[in-house]
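Reading the structure
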Amino acid sequence: MGLIHELPVELSNQIAAGEVIERPASVVKELAENAIDAQATQVLITVHQAGLRSVEINDNGVGIAADDVEIAFQPHTTSKISTDHDLFNVRTLGFRGEALASIASVSKLTVVTSTDGKSAVKAEFSGNDLLKKKTHARSKGTTVTVEDLFFNTPARLKYVKSLHTELNKIVDIVDRLAMGHPDISFRLIHEGKDLVWTSGNGNLQQTIAGIYGRTIASHMYAFENSDADYQIKGYFSKPDTTRSNRSYISLILNGRYIRNYQLANAVIKGYGSKLMIGRFPIAIVDITLDPSLVDINVHPTKQEVRLTNEGHIGDLISEGIKEKLSTQNLIPDAVKNLERKTTAETTIRPEKPEQISFDDLDIVDHISEPDPEPLVVDKIPIEKLESHPIFNDPDHLQAWDNRLKEEKQPTESVSTFPDLRYIGQIHGTYLVAESSEGFYLVDQHAAQERVNYEYYRKQIGEVEADQQRLLVPIVLDYPNSESILIREKKPVLESIGLFLDDFGQNSFVVNTHPTWFVAGQEESTIREMIDYVLNDSKISVAAFREKNAIMMSCKRAIKANQHLDDKQAIFLLKNLSKAENPYNCPHGRPVLIEFSNRDLEKMFKRIQDSHDTRESE
Ligand code: ADP
Ligand code: MG
C-alpha cells in the first residue's frame, strides 16, 4: 500500500499558519491589510494582553457577503486575483488567500460582517471548525475577533516573547500600515489605552505626527523625486534628529511596507557626511511604481519583494534627499539645542506602550481560562474617531497650516551659508564670527577637517596624481597571513596611488607616494592605509577612498588649543564658506552653531517668547 496521502485540511492550514502567523502582530498585520484591501477608511484595532488574549479589528470596508463567509475561511480562497496576469499585477495587499484560514486554524475566531449596513452575519470558528453562523446587526464593514491565539499549537506559543516585545511589534506594524495609508484613520487600543491614532485625512506629515509625535514630525523635511517609471516621495529627519538604529527608516512600496537593505541604505547615503557616524535618520519613503515592475510573491508575509531596478530606485531616493538637504541651512541653533535636551528629544512616542505589567501573566495558563468578558461587537463605536484631537483642536490645525506654508516657501532665502565676519578666537579652540543674522561659534578643528576632507576626497579620487619619489624607500614587514591579504588587495591600495613592490616573501617596499601625503608622516600614513584593508578584507574602492580622505583630513587639521592669527582664521572661514557641506566635519559633528539675533533678544528679554508666558512675569 502506498504511504503517501493528502494532509487533513486542519493540518495543512496549521502548516500554512506556521509561515504567516508567527505571533500576535502577524494577526494584526493580516487582518488590518484585509481591512485596507476592503477600502476601509477607518480601522480600529483593539488588543488585550498584547494580542494573546484577543485581537479585534473593526473596519468600515465593503464587508463579506453572507454566502462568502465560509468560503473566505477555506485555504487558498481570495477575491483578489484569478489569473496569472493578475498575480503579476497585484494592486491589493493580500492575494494568497491564506490568512483567514490560517488564523482560524490556530485560534478561536469570530467574524461579524455586513455589505449593506442592514443585514449582517456572525460566524464563530474554533480551530477552523465553523461552530455557529447566524444573522446579526452591524453597520457596513467587518469585525474579526481572534481569541486565544495558538491555543491548539503550544509549540508556537513558546516562541512568543514577552508581552512587551509582542506589543511593540504590534505597534510597529500599525505604525507602518498607517504611514503607507495616510488616507485611512488607524487607531490601536491596548487595554483601553490609545497607542496609535492617525487622522486619516491624507496628509502624510500629520500621520507621522500621529505616530512619532509632533516634535519629530516638525523636524522632518519633505522630499520627492521621480522619473517615467518611479515616483518617490516622503519625509526625512533633519541630520540632528537621529536614532541609534536603522529601524526608523520605513519603506512603503505601492502602499505595502517592505524591508529592503539597499533602499534603506540609499536613504542614509542621501545624507552624505551630514549624519554622525553610528546614527541613523527617521524617514518614510513612499515609492509608487507599476505593479508589473515588482514581484511581491517571494516571501509569505510579503515584506521582502523583488524589484526590477533596485539600484536605480536607490539613486532616486539618495538624490531626492541630497537635493533637499543642499537647500537647507543646517547650522544647529544653539538655543533650541539646549531646549531640546530637556524636552522633545527624549521620547519618540508621546505615550510609550511599555507601562503594562507583565509579571502577573502566565502566557500558557491564560489559554485554558474561560473568557472573562462576553463578546460585545462594536464595543467602541467607530464614530468616536471624530473626537480625535486632530479633528477638533483649532490651534493644532492652525499650527499645521503654518508649517505647511513654511514648507512651500521657496528655500533659496535660507540656502546660503552666512557671510561670516571674523571677530576672534576663544581658548585656542573656537572662532567667533558674526553675520547680519546672529553670531556663530566655529569649532576650528572640525572646520579644518571639513575643508581638508573635501580637498582630499578630490585628490584621492584622481588616481593619476603625481607621485613623489622617496629619498629612502620604506620597507614594510607583515606576518604571512597578512602579506597574502595585502597582496590580494593591491588593486585597492593602488586605487589611491599607493604602490607596493614585493621585497621578499613577507615584505614590501614603497618607493613613491602621492604628492598629497603630509611630509614626515609618510610611513604612518601608509601603515594606516594598509590597516584599513587588513581590518576589512571586503572593503570597496569607494569606502577605502572615503576612509583615507577622513584620515588625511584629520592628520592635517589644526588641533584644539592652538592659536590662530587673524589671517589664518579668516582664511579658514573663507575656505569653509566654499565647502560643499560646511555644516559638519567628516565624522558628522557640527562645525558651527548659531546664536540668532532673535535668540539673543529673547535671552536678554528684549522680546518675549510668545510660547512661554510664565517668564514674562
Ligand atoms: P487574501 O487577503 O489573500 O485574499 P484572506 O484569507 O486574508 O486572503 O481573505 C480571504 C478573502 O476574504 C479576501 O480575498 C476578501 O475577499 C475577504 N475578506 C477578508 N477580510 C475582509 C474584510 N475585512 N473586509 C472585506 N472582505 C474581507
Ligand atoms: Mg488577506
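Source: prediction; values computed, not measured.

1. Points about helix 20 (residues 541–556)
Between its first and last C-alpha, helix 20 extends 22 Å over 16 residues, near the 22 Å set by a 1.5 Å rise per residue. In the core, the buried residues of helix 20 are packed alongside helix 16 (444–461), helix 18 (490–494) and helix 19 (522–535).

2. What about the site of ligand 1?
In the vicinity of ligand 1, 18 residues are found, and the nearest of them are Asn34, Thr78, Ser79, Lys80 and Gly97. Contact between ligand 1 and glycine 97: an oxygen atom at 2.7 Å from a main-chain N or O atom of the residue. For ligand 1, the protein covers 91% of the area, taking 540 Å² as the surface of the free molecule. Residue composition of the shell around ligand 1, grouped by class: six nonpolar, eight polar and four charged.

3. Let's talk about the packing of helix 10 (residues 261–270) against helix 11 (residues 310–326)
The N-to-C vectors of helix 10 and helix 11 enclose an angle of 25°; their axes lie 7 Å apart at closest approach. What the angle tells us is that helix 10 and helix 11 run roughly parallel. You can see that helix 10 and helix 11 cross each other, and the crossing is right-handed. Between helix 10 and helix 11, the residues in contact are Gln262, Leu263, Ala266, Val267, Lys269 and Gly270 and Glu310, Gly311, Ile313, Gly314, Asp315, Ile317, Ser318, Ile321, Lys322 and Leu325, respectively. Looking at side-chain class alone, the contact of helix 10 with helix 11 contains seven nonpolar, five polar and four charged residues.

4. Thoughts on the pairing of strand 23 (residues 507–514)
Most of strand 23 is tucked away, with seven of its eight residues classed as buried. Pairing analysis gives seven bridges linking strand 21 (residues 467–477) to strand 23, with the strands arranged antiparallel. For aspartate 477, the partnering residue across the bridge sits in strand 23 and is serine 507. Pairing geometry for strand 22 (residues 501–502) and strand 23, over two bridges, is antiparallel. Bridge pairing in strand 23 links aspartate 501 to valine 509. Following strand 22, the chain reverses through four residues before pairing antiparallel with strand 23; glycine 504 in that reversal takes a positive phi of roughly 85°.

5. What to know about the sheet that holds strand 22
Read from one edge to the other, the open sheet built from three strands follows the order 21-23-22, with strand pairing classed as antiparallel. Only two strands of the sheet have a single partner each, and these edge strands are strand 21 and strand 22. The sheet contacts of helix 19 involve strand 21 and strand 23, and relative to strand 21 the element is tilted by about 60°.

6. Thoughts on helix 16
Under the 1.5 Å per step criterion, the end-to-end length of helix 16 is 26 Å for 18 residues, consistent within 8% with the ideal 26 Å. Most of helix 16 sits inside the fold, with 14 of its 18 residues counted as buried. If you check the start of helix 16, you find a side-chain oxygen 3.0 Å away from the backbone N of histidine 445, and it comes from aspartate 443.

7. A few points about unusual backbone geometry
The phi dihedral of alanine 50 is positive, around 50°, even though this residue is not glycine. Relative to the helices and strands, alanine 50 resides in the loop between strand 1 (42–48) and strand 2 (54–59). Classification of alanine 50 as buried rests on a relative accessible area of 0%. Residue lysine 605 is not a glycine yet carries a positive backbone phi of 60°. Overall, lysine 605 belongs to the partly exposed group, its relative accessible area being 44%.

8. Examining the sheet that holds strand 20 (residues 438–443)
Taken in spatial order, the four strands of this open sheet run 18-19-20-24, and their pairing is antiparallel. Of all strands in the sheet, those bounded by a partner on one side alone are strand 18 (421–426) and strand 24 (592–596). Averaged over all neighbouring strand pairs, the angle between strand axes comes to 25°, with direction disregarded. In the packing of helix 16 onto the sheet, the strands contacted are strand 18, strand 19 (430–435) and strand 20, and the crossing angle to strand 20 comes to about 75°.

9. Looking at the nonpolar core
Counting 64 residues, the largest nonpolar core has Ile21, Phe73, Leu109, Val146 and Leu188 as its most contacted members. Counting residues per element, this core draws most heavily on helix 7 (residues 163–180), which supplies nine residues. The two domains that each donate at least three residues to this core are domain 1 (9–201) and domain 2 (219–333). Beyond its immediate stretch of four places on either side in the chain, isoleucine 21 contacts Ser26, Val27, Glu30, Ser102, Ile103, Val106, Leu149, Phe150 and Arg156. Membership of the second largest hydrophobic core comes to 55 residues, among which are Leu251, Leu263, Ala264 and Val294.

10. Re the packing of aromatic side chains
Evaluation of the coordinates by the stated rule reveals ten aromatic pairs. Here a set of aromatic residues connected by ring pairs shows up, and it is made of Tyr221, Phe223, Phe236 and Tyr271. Positioned above the aromatic ring of phenylalanine 151 is the side chain of lysine 108, whose terminal nitrogen or guanidinium carbon lies 4.8 Å from the ring centre. Lying across the ring of tryptophan 197, arginine 187 places its NZ or CZ 3.9 Å from the centre.

11. Quick word on the confidence of the model for the protein chain
When pLDDT is averaged across the protein chain, the result is 81; 85% of the residues are at 70 or more. Note on residues 341–415: pLDDT under 50 across the span, and 112 contacts to partners over four residues away in sequence or across chains.

12. Notes on the pattern of salt bridges
As enumerated under the stated definition, the model contains 20 salt bridges in all. Among the salt bridges present, the one from aspartate 37 reaches lysine 80, with a minimum N-O distance of 2.9 Å. Of this pair, aspartate 37 sits in helix 2 (residues 24–37) while lysine 80 is found in the loop between helix 3 (69–72) and helix 4 (84–87), placing the two residues 43 residues apart along the sequence. Residue aspartate 37 is classed as buried on the basis of its relative accessible area, which comes to 15%. Given the relative accessible area of 27%, lysine 80 is considered partly exposed. Here arginine 421 and glutamate 434 are joined by a salt bridge, their closest N and O atoms 2.7 Å apart. With arginine 421 in strand 18 and glutamate 434 in strand 19, the pair connects residues that are 13 residues apart, well separated along the chain. Within the structure, one salt-bridge network assembled from shared partners comprises Lys29, Glu30 and Glu33.

Rules and cut-offs
Residues numbered from 1 in each chain as written. Chains lettered and ligands numbered in written order. Predicted model: local features only at pLDDT ≥ 70, side-chain atom pairs only at ≥ 80, totals over all residues. Heavy atoms only, no water. Helix = DSSP H or I, 4+ residues; strand = E, 2+ residues; numbered from the N terminus. Expected span 1.5 Å × (residues − 1). Contact = heavy atoms within 4.5 Å. Near = heavy atom within 4 Å. Polar contact = N/O pair within 3.5 Å; in protein donor to acceptor, adjacent residues only side chain to side chain. Areas by Shrake-Rupley, 256 points an atom, 1.4 Å probe, with all protein chains shown as cover. Nonpolar A, V, L, I, M, F, W, Y, C, P; charged D, E, K, R; others polar. Axes fitted to C-alpha atoms, helices over the stretch in contact; angles between N-to-C directions. Parallel < 35°, antiparallel > 145°, perpendicular 65-115°, else oblique. Left-handed = near helix turned anticlockwise from the far one by under 90°. Buried < 20%, exposed > 50% of the residue type's maximum accessible area, 1.4 Å probe, protein only. Pairing = 2+ DSSP bridges. Core = buried A, V, L, I, M, F, W, Y, C linked by side-chain atoms within 4.5 Å. Domains from an automatic or database assignment. Phe/Tyr/Trp six-rings, centres within 6.5 Å; stacked < 30°, edge-to-face > 60°. Lys NZ or Arg CZ within 6 Å of the ring centre and 35° of its normal. pLDDT = per-residue confidence, 0-100. Salt bridge = Lys/Arg side-chain N within 4 Å of Asp/Glu carboxyl O.

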